[in-house]
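So you can see what is in the structure, the chains are spelled out below.
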Amino acid sequence: MNFLGNAYLWVKAAHVVFVIFWMAGMFMLPRYLVYHQEAAPGSAEAEAWVERETKLRNIILTPSMTLVWILGLMLAVNAGLFSGVEGLGWLHAKLLLVLVLSGYHGWAVGYAKKLAKGKPTLSGRQLRMINEIPAIIAAIVVILVIVRPF
């Protein structure tokens, strides 16, 4: 525990910054997918969405998610997650939700690739409803981190 020493606050700040970047991308990509799906397959508009989605993934989403995990695990180790420290149920729940959000990230990337091939599998309504997943998870994670209910 406390292996980060004086670097703890810097690591925590970096973690929060990259969470913000990742979440911004997680709010943008699903919306991009809706617009992309509404564009005619093979059109210039559809190709523009493929380019936007690719840039968003490569420049913001994947690097941010990677740093969130690295920094977050450093913070978790610092808190004693793997040392049997009591009272970290909130952290276990948070990690589970971040794992779910990472899976959603992977799904969104995969769906973007399907759209790039002109093979949508969801309706516009379904896609719009799925867009709410990151916001719901983010809200629950914030509550877990701030309130620490268990």
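Residues take numbers from 1 onward in each chain, read along the sequence in its written order. A pLDDT threshold of at least 70 governs which residues receive local features in this predicted model, and a stricter bar of 80 or more applies before side-chain atom pairs are shown or counted, although totals over entire chains, interfaces and linings include all residues. Here the side-chain values reflect all heavy atoms present in the structure, with hydrogen atoms and water set aside.

Visitor: Which residues make up unusual backbone geometry, and what are the values?
Guide: Located in the positive-phi region is Arg148, a residue other than glycine, with phi close to 50 degrees. Think of it this way: any DSSP run of H or I at least four residues long counts as a helix, any run of E at least two long counts as a strand, and we number them from the N terminus. Its place among the elements puts Arg148 in the segment after α5 (133-147). Residue burial is assigned from relative accessible area. The probe radius is 1.4 Å, only protein chains are included, and a residue is buried under 20% of its type maximum, exposed over 50%, and partly exposed in between. Taking the relative accessible area as the measure of exposure, Arg148 reaches 45% and is therefore partly exposed.

Visitor: Which residues make up the packing of helix α1 (residues 8-38) against helix α3 (residues 89-116), and what values go with them?
Guide: Only the contacting stretch of a helix is used when fitting its axis, a line to C-alpha atoms as for every element, and angles between N-to-C directions run 0 to 180 degrees. Relative orientation of the contacting elements α1 and α3 amounts to 35 degrees, with a least axis distance of 10 Å. In this structure, α1 crosses over α3, and the sense of that crossing is left-handed. Of α3, the residues touching α1 (which contributes His15, Trp22, Met23, Met26, Leu29, Pro30, Leu33, His36 and Gln37) are Lys94, Val98, Leu101, Ser102, Tyr104, His105, Ala108, Val109, Tyr111, Ala112, Leu115 and Ala116. All residues other than Ala, Val, Leu, Ile, Met, Phe, Trp, Tyr, Cys, Pro, Asp, Glu, Lys and Arg, Gly among them, are scored as polar; the first ten of these are nonpolar and the last four charged. Within the contact of α1 with α3, the residues separate by chemical class into 15 nonpolar, 5 polar and 1 charged. The handedness criterion is simple: a crossing whose near helix is rotated anticlockwise from the far helix by less than a right angle is left-handed, and one whose near helix is rotated clockwise is right-handed. Note on contacts: a residue pair qualifies if any of its non-hydrogen atoms lie within 4.5 Å across the two residues.

Visitor: An account of the side chain of Lys94 is requested, with residue identities and associated values reported.
Guide: One can find Lys94 in helix α3. Neither His nor the chain ends is counted toward charge; the positive residues are Lys and Arg and the negative residues Asp and Glu. Whenever Lys or Arg places a side-chain nitrogen within 4 Å of a carboxyl oxygen from Asp or Glu, that contact is recorded as a salt bridge. We note that Lys94 is buried and unpaired, the nearest opposite charge coming from Glu86 at a distance of 20 Å. Discounting residues that sit within four places of it in the chain, Lys94 has contacts with His15, Val141, Leu144 and Val145.

Visitor: Lay out a nonpolar patch on the surface in plain terms, naming residues and giving numbers.
Guide: A cluster of nonpolar side chains, Val16, Val17, Ile20, Phe21, Ile59 and Ile60, forms an exposed patch at the surface whose accessible area comes to about 520 Å². Looking at which element gives the most residues to the nonpolar patch, the answer is α1, with 4 residues. Relative to the helices and strands, Val16 is located in helix α1. Patch building starts from residues that exceed 30% relative accessible area and form no salt bridge, then joins like charges within 9 Å and nonpolar side chains (Val, Leu, Ile, Met, Phe, Trp, Tyr) within 5 Å. In this description, accessible areas are obtained by the Shrake-Rupley approach with a 1.4 Å probe, and a residue is regarded as covered only by the protein chains that are shown.

Visitor: Outline the pattern of salt bridges, supporting the account with residue identities and numerical values.
Guide: If you walk through the whole model with that rule in mind, you get 2 salt bridges. Between Arg128 and Glu38 there is a salt bridge; the shortest N-O distance is 2.4 Å. Placement of Arg128 in helix α4 (residues 124-130) and of Glu38 in helix α1 is noted, with a sequence separation of 90 residues between them. By relative accessible area, which is 34% here, Arg128 ends up partly exposed. For the salt bridge of Glu51 with Lys55, the shortest nitrogen-to-oxygen distance reads 3.2 Å.

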